[in-house]
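Residues per chain are reported as follows:
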Amino acid sequence: MSENDLIPNPSPDELTKLRQRVAELENAEKRYLNLFENAGDAILIVDPVTFTIVDANANAARRFGYSKDELKRLQIADIEIPQDTHQSNSGFVWESFASGVILYECYYRRKDGSLMAVEVSRSYVVAGGQTLQQNVVRDITARKEMQAALHESEERLRSTFESLDDFVVVLDKTGLILDYHIAPHSGGFGLQVEIFKGRPYWELLPAEVSAMLDDHIQSLMDSGVVQEFDYSITEPPNQVMWFNVKISLRSDSEGGFAGVTIVFRDITERRDAEQQRLAYSLERERVKLLGDFITNVSHEFKTPLSVIMTKIYLMEKTMMNEKEIEKLRIIQEQVTYINHLISAMLMMSRLNTDSEFAFEPFELSGLVREVVVTAHQLAATRQQSIKLNLQQDSFIVLGKKEDVHHALYNLIENALLFSPNEATITVNILSKGNYVLLEIIDPGIGLSKEDVQFIFDPFYRVDKARTARKAGLGLSIAKKIIEIHKGAIEVTSTLGKGSTFAVYLPQINH
Ligand code: ADP
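Residues numbered from 1 in each chain as written. Predicted model: local features only at pLDDT ≥ 70, side-chain atom pairs only at ≥ 80, totals over all residues.

Moving on to the overall build of the chain. Per the secondary structure count, the chain includes 13 helices and 19 strands. Here the C-alpha atoms of the chain give a radius of gyration of 49 Å, more than 25% beyond the 24 Å that 2.2 N^0.38 yields for 510 residues. Overall size of the chain, expressed as C-alpha extent along the three principal axes, is 180 × 60 × 35 Å. Of all 510 residues assigned to the chain, the portion counted as buried reaches 18%. (Helix = DSSP H or I, 4+ residues; strand = E, 2+ residues; numbered from the N terminus. Rg over C-alpha atoms; globule rule 2.2 N^0.38 Å. Buried ≥ 20, exposed ≤ 12 C-beta atoms within 10 Å, placed from the backbone.)

Glancing now at the domain arrangement of the chain. Often, the extent of an interface is quoted as the loss of accessible area upon association of its parts. According to the domain assignment, the chain consists of domain 1 (3-140), domain 2 (164-266), domain 3 (273-353) and domain 4 (360-506). In this structure, domain 2 and domain 3 have C-alpha centres spaced 62 Å apart. (Domains from an automatic or database assignment.)

With that settled, the discussion passes to the sheet that holds strand β19 (residues 498-506). Here we have five strands laid out as an open sheet, ordered β14-β16-β17-β19-β18, and mixed in their pairing. Looking at the sheet topology across the chains shown, the edges are occupied by β14 (385-390) and β18 (488-494). Along the sheet, successive strands turn relative to each other by an average axial angle of 15 degrees, direction set aside. Relative to strand β16 (residues 424-432), β14 is paired through six bridges, and the arrangement is parallel. By the bridge assignment for β16, L388 is matched with V427. Running over the sheet, helix α10 (residues 364-381) touches β14, β16, β17 (435-442) and β19 and is turned about 170 degrees from β14. (Pairing = 2+ DSSP bridges. Axes fitted to C-alpha atoms, helices over the stretch in contact; angles between N-to-C directions. Contact = placed C-beta atoms within 7 Å.)

Close to the ligand lie 21 residues, the nearest being N414, V462, K470, G474 and L475. For the shell around the ligand, the elements supplying multiple residues, two or more each, are α11 (401-417) and α13 (474-484). In terms of residues, the shell around the ligand owes the most to one element, α11, which gives three residues. Of the residues assigned to the shell around the ligand, the class counts are ten nonpolar, seven polar and four charged. (Near = placed C-beta within 6 Å. Nonpolar A, V, L, I, M, F, W, Y, C, P; charged D, E, K, R; others polar.)

Averaged over every residue, the pLDDT of the chain is 86; residues scoring 70 or more account for 91%. Here residues 85-97 is modelled with pLDDT under 50, and outside its nearest four sequence neighbours on either side it reaches 17 contacts, counting other chains as well. (pLDDT = per-residue confidence, 0-100.)

Take helix α6 (residues 141-163) next. Here α6 contains 23 residues, and its C-alpha end-to-end distance of 33 Å stays within 8% of the 33 Å for a straight helix at 1.5 Å per residue. For α6, the tally of buried residues reaches only zero of 23 residues, placing the bulk of the element at the surface. (Expected span 1.5 Å × (residues − 1).)

Right, let's talk about helix α8 (residues 268-318) for a bit. Taking 1.5 Å per residue, 51 residues should reach 75 Å; α8 reaches 74 Å between its end C-alpha atoms and fits that length. Taken across its 51 residues, α8 has zero buried, putting it largely on the surface.

What follows deals with the sheet that holds strand β10 (residues 227-235). Spatially, β9-β8-β12-β11-β10 is the arrangement adopted by the five strands of the open sheet, whose pairing is antiparallel. The open sheet is flanked by β9 (177-182) and β10, the only strands paired with a single partner. Put simply, the sheet's adjacent strands are angled 20 degrees from each other on average, direction ignored. As paired strands, strand β8 (residues 167-171) and strand β12 (residues 257-266) are joined by five bridges and run antiparallel to one another. Residue V170 lies in a different strand from β12, and its bridge partner there is T261.

Below, the discussion takes up the pairing of β9. Sheet topology note: the β8/β9 ladder contains five bridges and is antiparallel. By the bridge assignment, V169 is partnered in β9 with Y180. Here β8 hands over to β9 after five residues, with G175 in that stretch at a positive phi of 95 degrees.

One finds L411, I412, I440 and A478 to be the most contacted residues of the largest nonpolar core, which totals 35 residues. Where this core is concerned, the elements lending two or more residues are α9 (322-353), α10, α11, β16, β17, α13 and β19. No other element matches α11, which puts seven residues into this core. In this structure I440 touches L411, I412, A415, I425, V427 and F501, once residues within four positions along its chain are discounted. Grouped together as the second largest cluster of nonpolar side chains are 19 residues, A42, A56, L71 and V120 included. (Core = buried A, V, L, I, M, F, W, Y, C linked by C-beta atoms within 7 Å.)

Their axes nearest at 9 Å, the elements α8 and α9 cross at an angle of 160 degrees. On the basis of the axis angle, α8 is roughly antiparallel to α9. Note on packing geometry: the crossing formed by α8 with α9 is left-handed. Taken together, the residues of the contact of α8 with α9 break down into 16 nonpolar, eight polar and three charged. (Parallel < 35°, antiparallel > 145°, perpendicular 65-115°, else oblique. Left-handed = near helix turned anticlockwise from the far one by under 90°.)

Now for the environment of Q332. The topology assignment puts Q332 in helix α9. Each C-alpha atom, one on Q332 and one on S219, is 79 Å from the other, the two residues being 113 residues apart in sequence.

Here is the structure:
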């Protein structure tokens, strides 16, 4: 069919119009070609029957790394990765389908094999009487990365929010709950009703707490300064719970007021600990006052007692009568007992009130030798002997030498006193892990199971008649000294067969 068949014998007027029409069409095509070539996106024209790429713009060639001619030899399937074969593909977006444009996200494979996240806008165009598919392909790598980063940061925020041990409430401008987190196993934060989104905060909390919140939210809005306060509630039966509350402003993307965030923290344990610390320091103060009192009174006793002792000594020298001398001896014994008691009380009071002990490293076996030498005087009067076994020459411990001397002397003295004449007492010193173990073994009268339980209690004496001149404070003082040195003391005993006192002290440089 020729042009003449369509418009037979055109008039000059019609011919001019026709020429104008042709010129317009040519212009439109030029404009299209211009747009096609210079579009910021990649454009692929595809034959919808064979799916061959029939044309591509310069950006398509540049983006996918092919020359235009190479692209024209490919089928669309060679570069477009179908939705379901790529896991992270977000799938079809159908929104514009009705208008004849299909919009979807997928991946395009470049010539070098790398993938590019893209959004394809597919439509159909008619050119030269043929319907062709026009794929406008937009690189959305940056958008995808941003979405992933946003998602990740949201996740991070949510997991932080959810791992809090607090009760966090996010309120909107009107005081309704937008979001909340209540720590699991938190004991409910004393909430009165079950919490849920969309509810006003004042329905959740006791009226007085809600009123406090109102005041603080008002001050926060006036000043912009984060508000903080503590409050307590009493849970039945009589259990007091303490909370710390922090309220801060939330702003929207334009910096305007969006609501507030309230964080409730259960501080009951902290409060209890503070209370206990206070009670403990009051108790320490009380013990110290008592200790000072005992020390003062004891010193007051000492002077008259020493005067009495001197007088007894002088009277003894001038007296010839045996009966009177015997009476004096009884007085002397009692005064000695009171002196012993006062020294023990002074020692006990010092050990209980001294908060800082000046500890120094010292060698223990040397100290034990000194104790044994001192104890020999007593042993000699009873024809007893003391056998010392050292596993090694030197054991270094940290502590106060005189106090450890005092404790060990008491143990060895007891071993001698409660063993028969001519008995042998054994003292072993050995290493036990990080400790030095001192064993004081006697073949004496031993202790019953009952006595073993109370032996370290102050004033505990098994046979009061036999130990009339002693107060029963020696072992409790010894135990206190060893414990101050971070050690331990134990006893094993068989009635009638003897006892073993074991002392553990931490070794240094071991
Ligand atoms: P004290 O200071 O009066 O000597 P201790 O506290 O040292 O008192 O001892 C308390 C009591 O424990 C003694 O009166 C005695 O009955 C008993 N006891 C202590 N050591 C031994 C021992 N090695 N064998 C048997 N009994 C002992």
